[in-house]
Amino acid sequence: MQETKHIILLGPPGAGKGTFSSQVKEVLPDIIHISTGDIFRENLKNETPLGLKAKSYMDEGKLVPDEITNDMVKKSLDDISDKSWVLDGYPRNLNQAEFLSTITSIDSVILLSVDHKILIKRILGRFSCPNCGEIYNKYFIKPKKKGICDKCNSKIEFKQRPDDTKETLNNRLDVYEKNTKPLIDFYKDQGLVKEIDYTNKLSEDKIKEVIF
Ligand code: ADP
Ligand code: ZN
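Residues numbered from 1 in each chain as written. Chains lettered and ligands numbered in written order. Predicted model: local features only at pLDDT ≥ 70, side-chain atom pairs only at ≥ 80, totals over all residues. Heavy atoms only, no water.

### Quick notes on the environment of Tyr139
Inference 1: Considering the arrangement of structural elements, one finds Tyr139 in the loop between strand 6 (135-137) and helix 7 (166-180).
Inference 2: Placed 21 residues apart in sequence, Tyr139 and Ile118 show a C-alpha to C-alpha distance of 9.9 Å.
Inference 3: Once residues within four sequence positions are removed from consideration, Tyr139 is found in contact with Lys121, Leu124 and Gly125. (Helix = DSSP H or I, 4+ residues; strand = E, 2+ residues; numbered from the N terminus. Contact = heavy atoms within 4.5 Å.)

Following this line, the structure appears as structure tokens:
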């Protein structure tokens, strides 16, 4: 049994937080992945009250209000307080980071960095398997057999996430610059930040080294 790890993933939209998390899951299956974006999307799909509240913000690429997001994260973390987790997409501003520090301890913050031009292509080209969630990109990572998911063999086609269009992308990049980037210094001051160049996928060994 390894010790418990509480890890935050930080990086601009398109840095590969989702891809990194699914790599972690493959290498270290006991670590739980919590993505606030995924939770919101799931709620939106099921038309829950939470999803309906979040919809207009997500459509525009703006942050869902902190009260809603903080509450949702607290509920998710309460259920797994004795487990290891990677938090992806939260915190996104100082208020959320301060709230998080009142409900849990954090062991490290992994900052994924990628060249700006690549970021844009990653976002505008990305799509995922509707069945298993595996992430692809029409410029970089195509399925081995055209139209078939490598992981689960379902049929897949290029279909953008609704907020991966040029218009909302600008808002999301703005939000990152103004609200999320200050968290890098917030966590650097606590000595928690590990920066990684995530232009390419990492080896299994490198993933383990970064996590432990
Ligand atoms: P990205 O690819 O931009 O990192 P995510 O999948 O993490 O996108 O999030 C999608 C959308 O969900 C965000 O644009 C925002 O509207 C909402 N969202 C996700 N996480 C948060 C958060 N921590 N606080 C506020 N809104 C959030
Ligand atoms: Zn699949």
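Having put the structure on the table, let's press on.
### So, the environment of Phe158
Inference 1: With respect to the secondary-structure elements, Phe158 resides in the loop between strand 6 and helix 7.
Inference 2: Expressed as a C-alpha distance, the spacing of Phe158 and Phe127, which sit 31 residues apart in the sequence, is 5.9 Å.
Inference 3: Ignoring any residue separated from it by four or fewer positions in sequence, one finds Phe158 in contact with Leu124, Gly125, Arg126, Phe127 and Lys138.

### Remarks on helix 4 (residues 66-78)
Since the α-helix packs 3.6 residues into each turn, any two residues three or four apart lie on the same face.
Inference 1: With 13 residues, helix 4 should reach 18 Å at 1.5 Å per residue; the first-to-last C-alpha distance of 18 Å fits that figure.
Inference 2: By the burial criterion, the buried members of helix 4 are Asp66, Ile68, Thr69, Asn70, Met72, Val73 and Leu77. (Expected span 1.5 Å × (residues − 1). Buried < 20%, exposed > 50% of the residue type's maximum accessible area, 1.4 Å probe, protein only.)

### Considering the coordination of the zinc ion (ligand 2)
Inference 1: Around the zinc ion (ligand 2), the protein supplies Cys129 (SG), Cys132 (SG), Cys149 (SG) and Cys152 (SG) as donor atoms, at distances of 2.3 Å.
Inference 2: The sequence motif formed by the donor residues of the zinc ion (ligand 2) is C-x2-C-x16-C-x2-C. Here Cys132, found in the loop between strand 5 (126-128) and strand 6, pairs with Cys149, found in the loop between strand 6 and helix 7; they are 17 residues apart in sequence, far enough to count as distant.
Inference 3: Accessibility expressed as a relative area gives 1% for Cys149, which makes it buried. (Donors = N, O, S within 2.8 Å, 3.2 Å for Na, K, Ca; no water.)

### Section: the site of ligand 1
Inference 1: The full set close to ligand 1 counts 19 residues, and Thr36, Lys62, Gly89, Gln96 and Arg126 are the nearest of them.
Inference 2: Residue Gln96 places a side-chain N or O atom 2.9 Å away from a nitrogen atom belonging to ligand 1.
Inference 3: Interatomic distance of 3.2 Å between a side-chain N/O atom of Arg161 and an oxygen atom of ligand 1.
Inference 4: In isolation ligand 1 offers 550 Å² of accessible surface; the protein chains occlude 96% of this area.
Inference 5: When residues in the shell around ligand 1 are grouped by element, the largest group, 4 residues, is from helix 2 (residues 36-45).
Inference 6: Across the shell around ligand 1, the residue classes break down as 6 nonpolar, 5 polar and 8 charged. (Near = heavy atom within 4 Å. Polar contact = N/O pair within 3.5 Å; in protein donor to acceptor, adjacent residues only side chain to side chain. Areas by Shrake-Rupley, 256 points an atom, 1.4 Å probe, with all protein chains shown as cover. Nonpolar A, V, L, I, M, F, W, Y, C, P; charged D, E, K, R; others polar.)

### Considering the pattern of salt bridges
Inference 1: Summed over the entire model, instances satisfying the criterion amount to 16 salt bridges.
Inference 2: A salt bridge links Asp38 to Arg41, with the shortest nitrogen-to-oxygen separation between them at 2.9 Å. Of this pair, Asp38 and Arg41 are both found in helix 2, 3 residues apart, which corresponds to roughly one turn of the helix.
Inference 3: Judged by its relative accessible area of 40%, Asp38 is partly exposed.
Inference 4: For Arg41, a relative accessible area of 26% puts it in the partly exposed group.
Inference 5: Note that Lys178 is salt-bridged to Asp174, the shortest N-O span being 3.5 Å. With a gap of 4 residues between them, Lys178 and Asp174 both fall in helix 7, about one helical turn apart.
Inference 6: Salt bridges here are not isolated pairs; linked through shared partners, they connect Arg126, Arg161, Asp163, Asp164 and Arg172. (Salt bridge = Lys/Arg side-chain N within 4 Å of Asp/Glu carboxyl O.)

### Considering the side chain of Ser108
Inference 1: Summarising the element assignment, Ser108 is placed in strand 4 (residues 108-113).
Inference 2: Overall, the relative accessible area of 5% leaves Ser108 in the buried class.
Inference 3: Aside from chain neighbours lying at most four places away, what touches Ser108 is His6, Ile7, Ile8, Leu192 and Lys194.

### Description of the nonpolar core
Across soluble globular proteins, nonpolar side chains show a tendency to be buried alongside one another.
Inference 1: Judged by nonpolar contacts, the single largest core of 20 residues is most densely connected at Leu77, Leu100, Ile106, Val109 and Tyr187.
Inference 2: Contributions of two or more residues to this core are made by strand 1 (6-10), helix 4, strand 3 (85-88), helix 5 (94-103), strand 4 and helix 8 (182-188).
Inference 3: The biggest single contributor to this core is helix 8, with 4 residues.
Inference 4: Setting aside its immediate chain neighbours within four residues, Val109 contacts Ile8, Leu10, Tyr187, Leu192, Val193 and Lys194.
Inference 5: Residues Leu9, Phe20, Leu202 and Ile207 belong to the second largest nonpolar core, which totals 19 residues. (Core = buried A, V, L, I, M, F, W, Y, C linked by side-chain atoms within 4.5 Å.)

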